[in-house]
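Listed below are the residues making up each chain.
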Amino acid sequence: MTIGILVFIFLGIVAVAAAVGMILSRNTVYSALFLILNFLTVAVVYLLLGAPFISFAQISVYAGAIMILFLFVIMLLGTDKITTPDPVRWQRPLVIILAAAVVIEGAYVLITRYGAQATASLTAAEVADPATIGTLLYTKFSLPFEVTSIILLVAAIGAVVLARPKLKEGGNQ
Amino acid sequence: MTLPLIYPLGLAFILFALGVVGFLLRKNAIVIFMSLELMFNAANLVFITFANQFQNADGHIFVIFVMTTAAAEVAVGLALIVSIFRSRHSIDIDQMNSLKG
């Protein structure tokens, strides 16, 4: 058992514990902080899997921008202390059944394919360096890249329109 | 130095399952969004694992696209939540039943 596997197991335990904490935490702010911890550990897993650029994009975009947006909305609405009531009575067995279905499906696939014994190399390859990614992004994937920019523009406009307070009937601005 | 492929795939699967559980179990719309992000994250982990396995950078590109789409989705979704909270003073999804047929 190499040191890489030990590091991976430790990171996995932290990530799963953070995810469980996010689901079970009653306070929404704690949920968001647990999710940030989860994103950070997954970013280190990316680093372990030889994806340094994605790792730091994960930290800056997910753990940075997106989670700050979450925390900002939580604190703007002041909903961090609102305790949600328990789910409707018939829903909880349904949740357990559906979640168990997902777990059994995934475990079945993982166990039946385990015989393949494929291994991932833990050496950082040149396949993942930012220059390669940038070149691919502007050559092979230039059309999806432009479409993504339009998606972001539409989302920004949509967010402004949706979150804007309603103007009064008489007020014309 | 190598890592059996089952480890990252297993981690991604556990995180995805936890995201499903959180999505189904919680009533707070913001926590539901966070569970969604957890599932995106698990999918990204699978992309990175196989990009590493096949030494092909296309998976990395796709992860970047997933991240931008998730950012757009979060911006619009949180704006919707703010808008709903303004009119109903609650983000409990059980309260959002006025579109029921």
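Residues numbered from 1 in each chain as written. Chains lettered and ligands numbered in written order. Predicted model: local features only at pLDDT ≥ 70, side-chain atom pairs only at ≥ 80, totals over all residues. Heavy atoms only, no water.

Asker: Can you help me understand the confidence of the model for chain B in this one?
Answerer: Atom-level detail of predicted coordinates should not be read off regions where pLDDT is low. Residues and elements named next belong to chain B. Here chain B shows a mean pLDDT of 86. Residues at 70 or above account for 96%. Ranking the elements of chain B by mean pLDDT puts strand E1 (residues 2–4) last, at 76, and helix H2 (residues 29–54) first, at 91. The ipTM value of the predicted complex is 0.90, and its pTM value is 0.86. (pLDDT = per-residue confidence, 0-100. Helix = DSSP H or I, 4+ residues; strand = E, 2+ residues; numbered from the N terminus.)

Asker: Before we go on, may I ask you to explain helix H5 (residues 130–138) of chain A in this structure?
Answerer: Counting along an α-helix, one turn takes 3.6 residues, and residues three or four places apart therefore face a common direction. Those residues of H5 of chain A lying buried are Ile133, Leu136 and Leu137 of chain A. Along the long axis of H5 of chain A, the arc covered by the buried residues comes to 100°, so they all point the same way. Of the residues in H5 of chain A, the exposed ones pointing more than 90 degrees away from the buried face are Ala131 and Tyr138 of chain A. Contact partners of the buried residues in H5 of chain A: helix H3 (52–77) and helix H6 (142–163) of chain A together with helix H3 (58–88) of chain B. (Buried < 20%, exposed > 50% of the residue type's maximum accessible area, 1.4 Å probe, protein only. Arc of directions from axis to C-beta. Contact = heavy atoms within 4.5 Å.)

Asker: Is there a simple way to explain the pattern of salt bridges in this structure?
Answerer: Close approach of charged atoms lets side chains of opposite charge pair. Within the structure shown, the criterion is met by 1 salt bridge over all chains. With a closest N to O distance of 2.9 Å, aspartate 58 of chain B and lysine 140 of chain A form a salt bridge. One end of the pair, aspartate 58 of chain B, is in helix H3; the other, lysine 140 of chain A, is in the loop between H5 and H6, on a second chain. Of the residues examined, aspartate 58 of chain B reaches a relative accessible area of 22% and is grouped as partly exposed. (Salt bridge = Lys/Arg side-chain N within 4 Å of Asp/Glu carboxyl O.)

Asker: Mind showing me how you'd approach the interface of chain B and chain A here?
Answerer: The partner chain A presents 82 residues to the 67 residues of chain B that form the contact. Here chain B packs against chain A, burying approximately 6900 Å² in sum over the two surfaces, 78% of which is carbon and sulfur. At the junction of chain B with chain A, the criterion picks out 1 salt bridge. For the pair chain B and chain A, the number of links is 8 residue pairs in polar contact (both at pLDDT 80 or more). When residues of the side of chain B that touches chain A are traced back to their parent elements, those giving at least two are E1, helix H1 (6–25), H2 and H3 of chain B. The element contributing the most residues to the side of chain B that touches chain A is H3 of chain B, with 22 residues. Split into classes, the residues belonging to the side of chain B that touches chain A amount to 45 nonpolar, 15 polar and 7 charged. (Buried area = accessible area lost by both parts, 1.4 Å probe. Polar contact = N/O pair within 3.5 Å; in protein donor to acceptor, adjacent residues only side chain to side chain. Nonpolar A, V, L, I, M, F, W, Y, C, P; charged D, E, K, R; others polar.)

Asker: It is not clear to me how the layout of surface pockets should be interpreted in this structure. Could you clarify?
Answerer: The probe, sized like a water molecule, is rolled over the atoms to show the empty space still left. Counted as a void, the second largest pocket has a volume near 150 Å³. In terms of lining residues, the second largest pocket is bounded by Leu69, Phe72, Val73, Leu76, Ala159 and Ala163 of chain A together with Ala75, Leu78, Ala79 and Val82 of chain B. Breaking the lining of the second largest pocket down by element, the ones donating at least two residues are H3 and H6 of chain A together with H3 of chain B. Tallied by class, the residues present in the lining of the second largest pocket amount to 10 nonpolar, no polar and no charged. (1 Å grid on protein atoms, 1.4 Å probe; cavity = no way out; pocket = protein on both sides within 12 Å on 5 of 7 lines; lining within 4 Å. Points joined across faces, edges and corners; volume = space filled by probe spheres on them.)

Asker: Can you walk me through unusual backbone geometry in this structure?
Answerer: Where the residue is not glycine, phi is negative for most of them; where a peptide bond is considered, it is trans in most cases. Positive phi values are uncommon outside glycine, yet glutamine 55 of chain B reaches one of about 50°. For glutamine 55 of chain B, the position within the fold is in the loop between H2 and H3.

Asker: How should the environment of glutamine 53 of chain B be read in this particular structure?
Answerer: Residues and elements named next belong to chain B. Mapped onto the elements, glutamine 53 comes out in helix H2. Of the residues examined, glutamine 53 reaches a relative accessible area of 25% and is grouped as partly exposed. In sequence terms glutamine 53 and leucine 5 are 48 residues apart; their C-alpha atoms lie 8.1 Å from each other.

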